[in-house]
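# Observations on the model geometry
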Amino acid sequence: MVTVVLEKLLINKTRKILAKKIEAEESQLTSTLSPTRVSFRLEFLLGKRVESIGAMALPRRRNLYYHRLRFLVMVISAISGALLVLFAILTFLAPSPNESEHFHLRHHQTSFNAVVDDPVTNGDSVFRIPSSGGKLDRDIWSSRNAKFFYGCKAEAVRHPNRYLAIATSGGLNQQRTGITDAVVAARILNATLVVPKLDQKSFWKDSSNFSEIFDIDWFISFLSKDVKIVKQLPKRKGKTWTPYTMRVPRRCSERCYQNRVLPVLLKRHNAVQLNKFDYRLANKLDTDLQKLRCRVNYHALKFADPILEMGKLLVHRMRMRSKHYIALHLRFEPDMLAFSGCDYGGGEKERNELGAIRKRWKTLHKNNPDKQRRQGKCPLTPEEVGLMLRALGYGSEVHIYVASGEVYGGEETLRPLKALFPNFYSKDTIATKEELEPFSSFSSRMAALDFIVCNESDVFVTNNNGNMARMLAGRRKYFGHKPTIRPNAKKLYRLFLSRSNMTWEEFASRVRTFQRAFMGEPKEVRPGRGEFHENPSTCICEDSEAREKAKADSRHRKHGKLDDSSRKDVMLSHDQNDYVYNDEPEWPDLDDGEDQSGPQEKRLYNVTGLDYDAVISDEPELEVMLSD
């Protein structure tokens, strides 16, 4: 390539020189010769020059190739010599292989007492794995700083001079939710909680204070490691300390409390009272706060001794009559029916009576009764409840305890239910007036007695989704998933309408199908869905080992020598293990929103009945009356 370039340069240079000479000769000839002779002369001279250049180029090219080859050989020889010298120097300086292995062996022998042959290596290798771990400067069976760390529980409070007071609202069970959430709110604000004030002015007109319903000393001592609680605000400079009063939105989240209440608590003399405290805490919280809710609701809130003793007496009398009993929360009072806007087959008389009651609340609009029934928003009639229970397998010999106020229609309405279940009781029929006298003038104490009997029942049946139903459903899940039946009113509606056109066997089969996932079995409601007090999934653990053992036993029995009835029982147990979630929509939650006081009418998460206590209206009496 270089030769070609040099040749081209030489030719170009020659041409330039030749061109100059030709010009000179041309100018000389032009002056002496004619144009024709001049042209011939130029052609002759050019041909002679080209022949001369061709003859000179060949020996020069050969000479150039020779010099280039000679130079390349010299460069290669120099590089090879340098590499040989470098290799010789490295060989001289590097230690021998035997010395290296002996050095490593001496190093290992200083740390280990004995060695064993390496099973992986072959030949005469001296690399061996020690049989002992050697002596180290630490304990291999523990962490170096383990004694300085431990699993910590939440401290009671860091600011003992910061106080949170609560004024609850509603009936017994609505107030119970408020008390539970008040403890969690105090924990969020890192404040000392003053024992909550119970609602004594609303529809219920119950003058009972906290200590007359609950064991106040147990409440304070049980939660002492979670939140500091005092019975009343201390005096300030010898005078009664009046806290700053305010309200928080419904479903107020942890951040909501920190943004809305904490600044006020710090600026208003470190004492704040939250009024009308019912459902003022978000449904979804951190796991630790949810578990605190469970500790309050299921362990710290224990009824006062007089209520507890009377409740146990009522349970004992039910047990004396039968080994098992059903508790039914009927909720078929006139006010409930008027609020629902449903038609219960009483004709013009019923519409006039319930319509008159409904007019007391200006915020209630006229509803379409058929639409309400189709959407499952109407409580079942006592007769429909009885038919459902019979279809689910409960015979006429079963004893039923009814927790209910005044039933609309009285004995006439109850007659079909009593015909199906003659063993029909209430606290008024199993206790004397004298025994109930200390409680009969106080609605919350009477409700507490019903709560105890329903909680201790073998099966609890609820006919609406009020506070008592939800609180009991959650409690029964927490303490072993005792059966809690909730009518799937949305599916049962058409079945009751068309029952005269089918056999009992077909009717009963459909009831059992519709009620699957509404029977209080574990995992009927997906974790995190629903109202937390009804579905406290965060606080419920599964014994996986026991469950696997039960499955193994069932499989063993299934393949053993069983009669037909036993085989059916095994198959049924397997069916129950296949969890079926019910079709309840999820309870909406505004945990992260600042405006957390949106309309609660849209929060009807339970399709089996009205979420009465979730209604926010301008009629406080309506909201409170329908809560339990």
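About the thresholds
Residues numbered from 1 in each chain as written. Predicted model: local features only at pLDDT ≥ 70, side-chain atom pairs only at ≥ 80, totals over all residues. Heavy atoms only, no water. UniProt positions renumbered as here; feature names shortened; annotations may be inferred. Helix = DSSP H or I, 4+ residues; strand = E, 2+ residues; numbered from the N terminus. Buried < 20%, exposed > 50% of the residue type's maximum accessible area, 1.4 Å probe, protein only. Contact = heavy atoms within 4.5 Å. Areas by Shrake-Rupley, 256 points an atom, 1.4 Å probe, with all protein chains shown as cover. Pairing = 2+ DSSP bridges. Axes fitted to C-alpha atoms, helices over the stretch in contact; angles between N-to-C directions. Salt bridge = Lys/Arg side-chain N within 4 Å of Asp/Glu carboxyl O. Arc of directions from axis to C-beta. pLDDT = per-residue confidence, 0-100. Patch = residues over 30% accessible without salt bridge, like charges linked within 9 Å, V, L, I, M, F, W, Y side chains within 5 Å. Core = buried A, V, L, I, M, F, W, Y, C linked by side-chain atoms within 4.5 Å. Domains from an automatic or database assignment. Parallel < 35°, antiparallel > 145°, perpendicular 65-115°, else oblique. Nonpolar A, V, L, I, M, F, W, Y, C, P; charged D, E, K, R; others polar.

As annotated in an unreviewed UniProt entry, the protein is O-fucosyltransferase family protein from Durio zibethinus. What UniProt records for the protein under Sequence similarities (unreviewed entry) is the sentence "Belongs to the glycosyltransferase GT106 family."

### Considering the overall build of the protein
Assigned secondary structure in the protein consists of 24 helices and 12 strands. With 628 residues in all, the protein has 42% of them scored as buried. Sequence separation of at least 24 residues holds for 76% of the intrachain contacts in the protein that already meet a minimum separation of 6. On the protein, roughly 36,300 Å² of surface is accessible, and the fraction owed to carbon and sulfur atoms is 55%.

### Description of the sheet that holds strand 11 (residues 459-462)
Pairing within the open sheet is parallel, and its 5 strands lie in the order 10-9-8-11-12. Sheet topology places strand 10 (424-425) and strand 12 (484-485) at the edges, where each strand pairs with a single neighbour. Note that strand 8 (residues 325-329) and strand 9 (residues 399-403) share 5 bridges and pair parallel. Following the sheet pairing, His-329 is matched in strand 9 by Ala-403. Along the sheet face, helix 18 (residues 443-455) touches strand 8, strand 9 and strand 11 and points at about 150° away from the line of strand 9. This element, helix 19 (residues 467-478), spans strand 8, strand 11 and strand 12 of the sheet and lies at about 150° to strand 11.

### Topic: the pattern of salt bridges
Summed over all chains, the structure comprises 19 salt bridges. Glu-531 serves as the salt-bridge partner of Arg-251, at 4.0 Å between the closest nitrogen and oxygen. A residue pair is termed long-range when its members are at least 10 positions apart, and Arg-251 in the loop between strand 6 (244-246) and helix 7 (254-260) and Glu-531 in the loop between helix 21 (504-515) and helix 22 (544-558) qualify at 280 residues. In this structure, Arg-251 and Glu-531 share a single accessibility class: buried. Its salt-bridge partner being Glu-353, residue Lys-349 comes within 2.9 Å of it at the nearest N-O pair. Taken as a pair, Lys-349 and Glu-353 lie in helix 12 (residues 347-358) at a separation of 4 residues, close to a single helical turn. Given a relative accessible area of 32%, Glu-353 falls into the partly exposed group. When salt bridges with common partners are traced through the structure, they connect Arg-250, Asp-278 and Arg-280 into a single cluster.

### Description of the side chain of Asp-450
Checked against the element boundaries, Asp-450 lands in helix 18. Owing to a relative accessible area of 7%, Asp-450 belongs among the buried residues under this scheme. Residues in contact with Asp-450, not counting those within four places in the same chain, are Tyr-401, Ala-403, Ser-404, Lys-427 and Met-468.

### Some thoughts on helix 15 (residues 410-420)
Of the residues making up helix 15, those classed as buried are Thr-413, Leu-414, Leu-417 and Leu-420. Each buried residue of helix 15 sits inside an arc of 95° when the element is viewed along its axis, so together they form one side. For helix 15, the exposed residues lying more than 90 degrees away from the buried face are Glu-412, Arg-415 and Ala-419.

### Digging into the confidence of the model for the protein
Predicted confidence across the protein gives a mean pLDDT of 76, with 67% of residues reaching 70 or more. Predicted confidence for residues 97-122 stays below pLDDT 50, and this span has 22 contacts to residues more than four positions away or in other chains. Note on residues 565-580: pLDDT is under 50 here. Beyond four places in sequence and across chains, it has 23 contacts.

### Some thoughts on the sheet that holds strand 7 (residues 271-277)
The strand order across the open sheet built from 5 strands is 5-4-3-7-6, with neighbouring strands paired in parallel fashion. Only two strands of the sheet have a single partner each, and these edge strands are strand 5 (229-230) and strand 6. Bridging between strand 4 (residues 192-194) and strand 5 involves 2 bridges; their strand directions are parallel. Residue pairing for strand 5: Leu-193 is matched across the bridge by Ile-229.

### Points about a nonpolar patch on the surface
Together, Phe-71, Val-75, Ile-79 and Leu-83 make up a nonpolar patch on the protein surface, roughly 410 Å² of accessible area in all. Looking at the element boundaries, Ile-79 is found in helix 2 (residues 35-93).

### Re the nonpolar core
Burial of nonpolar side chains together is a common tendency in soluble globular proteins. Counting 69 residues, the largest nonpolar core has Phe-210, Phe-219, Tyr-257, Leu-274 and Phe-303 as the members making the most contacts within it. When residues of this core are assigned to their parent elements, the largest contribution, 9 residues, is made by helix 4 (residues 172-189). Counting the residues that make up this core, at least three belong to each of domain 1 (163-302) and domain 2 (306-332 + 379-539). Discounting chain neighbours no more than four positions away, the residues touching Leu-274 are Leu-164, Ala-165, Ile-166, Ala-167, Met-246, Val-248, Tyr-257 and Val-261. Counting 42 residues, the second-largest nonpolar core is a separate cluster that includes Leu-354, Leu-364, Met-388 and Phe-421.

### Brief notes about helix 14 (residues 382-391)
For helix 14, the tally of buried residues reaches 8 of 10 residues, placing the bulk of the element in the interior. Buried residues of helix 14: Pro-382, Glu-384, Val-385, Gly-386, Leu-387, Met-388, Leu-389 and Ala-391, and no others. Gly-393 lies just past helix 14 and shows a positive phi near 110°.

### Some words on the packing of helix 14 against helix 21
One way to put it is that helix 14 packs onto helix 21 with a least axis distance of 8 Å and a crossing angle of 90°. The pairing of helix 14 with helix 21 is recorded here as roughly perpendicular in orientation. On the side of helix 14, the interface is formed by Leu-387, Met-388, Arg-390 and Ala-391, while helix 21 contributes Trp-504, Phe-507, Ala-508, Val-511, Arg-512 and Gln-515. Taken together, the residues that form the contact of helix 14 with helix 21 break down as 7 nonpolar, 1 polar and 2 charged.

### Side note on the pairing of strand 7
Most of strand 7 is tucked away, with 6 of its 7 residues classed as buried. Here 5 bridges tie strand 3 (residues 163-168) to strand 7, and the two strands are oriented parallel to one another. Residue Thr-168 lies in a different strand from strand 7, and its bridge partner there is Phe-277. Bridge analysis of strand 6 against strand 7 gives 3 bridges, and the strand direction is parallel. By the bridge assignment for strand 7, Thr-245 is matched with Gln-273.

### Quick notes on the pairing of strand 9
In terms of burial, strand 9 is a largely internal element, 5 of the 5 residues being buried. Neither face of strand 9 is exposed, since His-399, Tyr-401 and Ala-403 on one face and Ile-400 and Val-402 on the opposite face are all buried. Alignment of strand 9 against strand 10, held across 2 bridges, turns out to be parallel. In the strand pairing of strand 10, Ile-400 is matched with Phe-424.

### As for the side chain of Arg-280
Looking at where Arg-280 falls in the secondary structure, it is placed in the loop between strand 7 and helix 9 (287-300). Of the residues examined, Arg-280 reaches a relative accessible area of 5% and is grouped as buried. In contact with Arg-280, other than residues within four places in its own chain, are Arg-247, Val-248, Pro-249, Arg-250, Arg-251, Cys-252 and Tyr-257.

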